[in-house]
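Next come the chains, spelled out residue by residue.
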Amino acid sequence: MNTLTHTLLNDIWQSLGHTETPFGQVTVTGIGELGSEFPVTELATACWAAAGLSCARLLQQRYGSVPQVYVDRRLASLWFGWTLRPVGWTLPAVWDPLAGDYATCDGWIRLHTNAPQHRKAVEQVLGQHHDKSSLAASVESWQKTSLEQAVIDAGGCAAEMRTTEQWRQHIQGKSVAMEPLIHQSLQAQAGKADWPLPTARPLQGIRVLDLTRIIAGPVATRFLAGLGADVLRIDPYGWDEPGAEHEVTLGKRCARLNLHNTHDRATFEQLLSQADVLVHGYRAGALEKLGYDTEQRRRLSPGLIDVCLNAYGWSGPWRSRRGFDSLVQMSCGLAAEGMVWSTCDMPLPLPVQALDHATGYMMAAAVLEGMCQRLARGTGYSARLSLAKTAQLLFDNPHPRHHVLAPLQPAQLEDENPEMELTTWGAAQRLQAPLRLEGTALQWALPANALGSAKAEWLRR
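Structure report, in brief.

Thresholds, definitions, all that
- Residues numbered from 1 in each chain as written.
- Predicted model: local features only at pLDDT ≥ 70, side-chain atom pairs only at ≥ 80, totals over all residues.
- Heavy atoms only, no water.
- Helix = DSSP H or I, 4+ residues; strand = E, 2+ residues; numbered from the N terminus.
- Rg over C-alpha atoms; globule rule 2.2 N^0.38 Å.
- Buried < 20%, exposed > 50% of the residue type's maximum accessible area, 1.4 Å probe, protein only.
- Contact = heavy atoms within 4.5 Å.
- Areas by Shrake-Rupley, 256 points an atom, 1.4 Å probe, with all protein chains shown as cover.
- Lys, Arg positive; Asp, Glu negative; His and termini not counted.
- Charge placed at Lys NZ, Arg CZ, Asp CG, Glu CD.
- Axes fitted to C-alpha atoms, helices over the stretch in contact; angles between N-to-C directions.
- Parallel < 35°, antiparallel > 145°, perpendicular 65-115°, else oblique.
- Left-handed = near helix turned anticlockwise from the far one by under 90°.
- Nonpolar A, V, L, I, M, F, W, Y, C, P; charged D, E, K, R; others polar.
- Pairing = 2+ DSSP bridges.
- Salt bridge = Lys/Arg side-chain N within 4 Å of Asp/Glu carboxyl O.
- Patch = residues over 30% accessible without salt bridge, like charges linked within 9 Å, V, L, I, M, F, W, Y side chains within 5 Å.
- Core = buried A, V, L, I, M, F, W, Y, C linked by side-chain atoms within 4.5 Å.

Attention now goes to the overall build of the protein chain. Within the protein chain, the regular secondary structure consists of 17 helices and 17 strands. The C-alpha radius of gyration computed for the protein chain amounts to 21 Å, which stays within 12% of the reference 23 Å derived for 461 residues, consistent with globular compactness. Overall, the C-alpha framework of the protein chain stretches about 65 × 55 × 50 Å when taken along its three principal axes. In the protein chain, buried positions account for 58% of the 461 residues. Here the analysis covers contacts within the protein chain between residues at least 6 apart in sequence; of these, 78% occur between residues at least 24 apart. Per element, the accessible surface of the protein chain, about 18,500 Å² overall, is 51% carbon and sulfur. Computed over 41 positive and 45 negative side-chain charges, the inter-centroid distance for the protein chain is 6 Å.

Spelled out as structure tokens, the structure:
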């Protein structure tokens, strides 16, 4: 384990409430790193290791023995990107044709148009355009700050490019800097859980209600599904993620509910009352507006392990701002620093959506920590994370000056699971998981499947 991986893992482990990081319990293998000014491979390794250590801690609590944790840093890096290779079909486009970075009269801005309502907001401000060159002509007359605010006011998603220093001086940057990486709290007593926690499939029978979208939250619940959890993802009608479903639905069942509908609300409340874990990615205040604030969730499910994330932190004026990994990278300075580091003439983001993936595995670690607390104390548990705080973890720990990158070898056939995965869209090969514990391996019982393809009900325990 190199110095930066050591530092990042220590920061994550201490944010989970531990004073000493059990580095000797982690064995890191593999070579190569993703090309960036920032330690993306080291972050990937540290996040996978933290999730593995949290699982090991849960098993230690049950059985007394301390399982060793093994992480392949190369595979961990690859899992921060796409893990599936289609056989006889083609993956859909990840980005809407108009999504991207655009030059304004005084800098750069990123417009996020993947969701229909977000594209509509951009069109409301800039007019309808059929290609990027036409849209670019409209953008270049705007000042970046004015355009960012105009798109936000229209209900869309945009982020002007700032440097890390500008972000540190920004009121939201200052707010995020004061927040913990993982904000944890114990809730009311609910009695110690009687979970079986079999070594081979530690989360078998654990019910995880998944109210997350896109990448970060779904990565967390995908990890939990790999440990055997019954993960039920709930989406509203009309919401689709064609560019990501093949990645983020692995191991889950996916249903739809309309939480503005009386019947569906009753179904949701029944599901929540029987859940062990709730993972959600609503913006601050959004779940409360639906009538499910923290106290109501606790009443419906005493002892609930409640883990959530947002984009720009949980304090400050941007706490309710819509955001995604690519936007946070622009806002917090990662794309600007990449531009300087590479000497290119336009924003250079991280080579993968590392904020999403890293936050996802830290959320999974928090869920497992919550399970440890429920077993030991009989209490409920809650944790909050944000993409912006994960970004700070990266820009506070850049590679040393004159660091020589060791190129990461692309995925090879021998990196894939030998078994074919029969997804909704066709047969595919999935990369092997980068993590294993003694006696425990990540294994997904269900292939990737379409949103809304299952009933909104729990499996029998």
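Two elements in contact, helix α1 (residues 3-15) and helix α2 (residues 40-63), have axes whose closest approach is 8 Å; the angle formed by their N-to-C orientations is 45°. Judged by the angle between their axes, α1 and α2 are oblique. Our pair here, α1 against α2, has a crossing hand that is right-handed. Taken together, the residues of α2 that come into contact with α1 (itself represented by L4, T5, L8, L9, I12 and W13) are E42, L43, T45, A46, C47, A49, A50, L53, S54 and R57. The residue makeup of the contact of α1 with α2, split by class, is 11 nonpolar, 3 polar and 2 charged.

What follows concerns the pairing of strand β4 (residues 100-104). For β4, a buried count of 4 out of 5 residues is recorded, marking the element as mostly surrounded by other parts of the structure. As judged from the 5 bridges shared by β4 and strand β5 (residues 107-112), these two strands associate in the antiparallel manner. What sits directly across from T104, in β5, is G107. The turn linking β4 back onto β5 is made up of 2 residues.

If the charged atoms of two oppositely charged side chains come close together, the side chains can form a pair. For the coordinates displayed, the defined rule picks out 22 salt bridges. Here R256 and D240 are joined by a salt bridge, their closest N and O atoms 2.9 Å apart. Of the two residues, R256 sits in strand β10 (residues 253-256) while D240 sits in the loop between β9 (230-235) and α10 (245-248), which places them 16 residues apart along the sequence. Residue R461 is joined to D276 by a salt bridge in which the shortest nitrogen-to-oxygen separation is 3.1 Å. Here R461 is found in the segment after β17 (440-441), whereas its partner D276 is found in the loop between α11 (262-273) and β11 (277-280), with 185 residues between them in sequence. Judged by its relative accessible area of 9%, D276 falls in the buried class.

The subject of this paragraph is the environment of R265. With respect to the element layout, R265 can be found in helix α11. Judged by its relative accessible area of 22%, R265 falls in the partly exposed class. Measuring from C-alpha to C-alpha, the distance between R265 and L375 comes to 30 Å, with 110 residues separating the pair along the chain. Not counting residues within four places of it along the chain, the set of residues in contact with R265 comprises N258, L259, H260, L290, G291 and Y292.

A cluster of nonpolar side chains, contributed by W82, V94 and W95, occupies part of the molecular surface with about 250 Å² of accessible area. Residue placement: V94 occurs in the loop between β3 (84-86) and β4.

What follows deals with the sheet that holds β17. Here 4 strands make up an open sheet; going across it, the order is β1-β2-β16-β17 and the pairing mixed. One side of each edge strand has no neighbouring strand; the edge strands of this open sheet are β1 (26-29) and β17. Summarising the sheet, strand β2 (residues 69-72) and strand β16 (residues 435-437) pair through 3 bridges and their orientation is antiparallel. In the strand pairing of β16, V69 is matched with L437. Of the strands in this sheet, β1, β2, β16 and β17 touch α2, which is tilted by about 160° from β2.

In terms of nonpolar packing, the biggest core is built from 102 residues, with W48 and F223 touching the most fellow members. Among residues more than four places away in sequence, those in contact with W48 are V71, A76, W79, F80, F223, Y361, P434, L435 and L442.

So, about helix α14 (residues 325-332). Residues that lie three or four places apart on an α-helix share one face, since the helix turns once every 3.6 residues. A large share of α14 lies buried, amounting to 8 of its 8 residues. Turning to α14, its buried residues are D325, S326, L327, V328, Q329, M330, S331 and C332. Of the residues one or two after α14, G333 is the one with positive phi, at around 105°.

Take it as geometry only, folks, not as evidence of what the structure does.
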